[in-house]
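Breakdown of the fold
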Amino acid sequence: MEKGTFQDVNAKVVQRCREGDNRAQYELYKLYSKAMFNVSMRITNDYAESEDVLQEAFISAFKNLHSYKAEASFGSWLKRIVINASVNAVRKRRSELVPLEDRIAGDIPDEEYDDDAEWQVEQVRRAIQRLPDGYRVVLSLYLLEGLDHAEIGDVLGISESTSKSQYSRARKKLLEIMKDTHSMA
C-alpha cells in the first residue's frame, strides 16, 4: 500500500452495495447499526427517535453511496450522516416545542452495581441525559464523538466560539447536576 493512501477494510462490501447487492447493504447495516444507534442516542436522548434517525441515515447513505469518496472509512462517512440526522431531529423537536419532560429517555430503574466505576459511569450518563438539548449535543459531539469545535460549528451551523462557550457551559451544568445528584445520594 502506498504511503498516505487510505484503504477501507469494508471497501469490497461498499462496492457490492454500489452494485445494488441487498445482502451487502444488510452486511453494512449489521456492522454499523449498534454503534450508529449509540451515536444518535447520545445526541437525541430519545430511543424511538434514535431508531428513526438510524433508519433514515442508512437509507440516505445507501441512496448517496455514489458520493462516498473513500477518503475516510465508510464508518466515518456514515457517522457524519448519523450526526447530521440526529442534530436535525433535535432541531425539529425544538421547533415543535414539545415539553422536555416528555422527551427525556425513560427513567432507568435503580440497579445494584457490582463495581463503583460502573456506578459512576451510570451517574455521568444520567447527568448527561438531564442536560438541555443544546448543551448535550455539543458535549456529546466534542467528548464522545471526537469532533473539534470547528467541525461542531459546521454541523450545527454555529460559530466555533459559540461551540466552545456551549461546551464550557455544558461542562459547568453537568458538574452542577453531578453535585446535586451526589448530595441527594
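Coordinates for the structure precede this section.
Please read all numbers here as calculations on a predicted model, not as lab measurements.

This paragraph deals with the environment of Tyr 29. With respect to the helices and strands, Tyr 29 occurs in helix H2 (residues 22-44). Sequence separation between Tyr 29 and Leu 54 is 25 residues; the distance between their C-alpha atoms is 9.7 Å. Among residues more than four places away in sequence, those in contact with Tyr 29 are Leu 54, Gln 55 and Phe 58.

Turning next to the pattern of salt bridges. A side chain with one charge may pair with a side chain of the opposite charge, provided their charged atoms come close. Taken as a whole and judged by the stated rule, the model has 11 salt bridges. Between Glu 122 and Arg 126 there is a salt bridge; the shortest N-O distance is 3.1 Å. Residue Glu 122 and its partner Arg 126 are both found in helix H6 (residues 116-130); the two are separated by four residues, about one turn of the helix. Overall, Glu 122 belongs to the buried group, its relative accessible area being 11%. For the salt bridge of Lys 164 with Glu 160, the shortest nitrogen-to-oxygen distance reads 3.7 Å. With Lys 164 and Glu 160 both in helix H9 (residues 160-184), this residue pair falls four residues apart, about one helical turn.

Reading guide: rules and limits
Residues numbered from 1 in each chain as written. Predicted model: local features only at pLDDT ≥ 70, side-chain atom pairs only at ≥ 80, totals over all residues. Heavy atoms only, no water. Helix = DSSP H or I, 4+ residues; strand = E, 2+ residues; numbered from the N terminus. Contact = heavy atoms within 4.5 Å. Salt bridge = Lys/Arg side-chain N within 4 Å of Asp/Glu carboxyl O. Buried < 20%, exposed > 50% of the residue type's maximum accessible area, 1.4 Å probe, protein only.

Remember, this is a structural readout, not a statement about activity or role.
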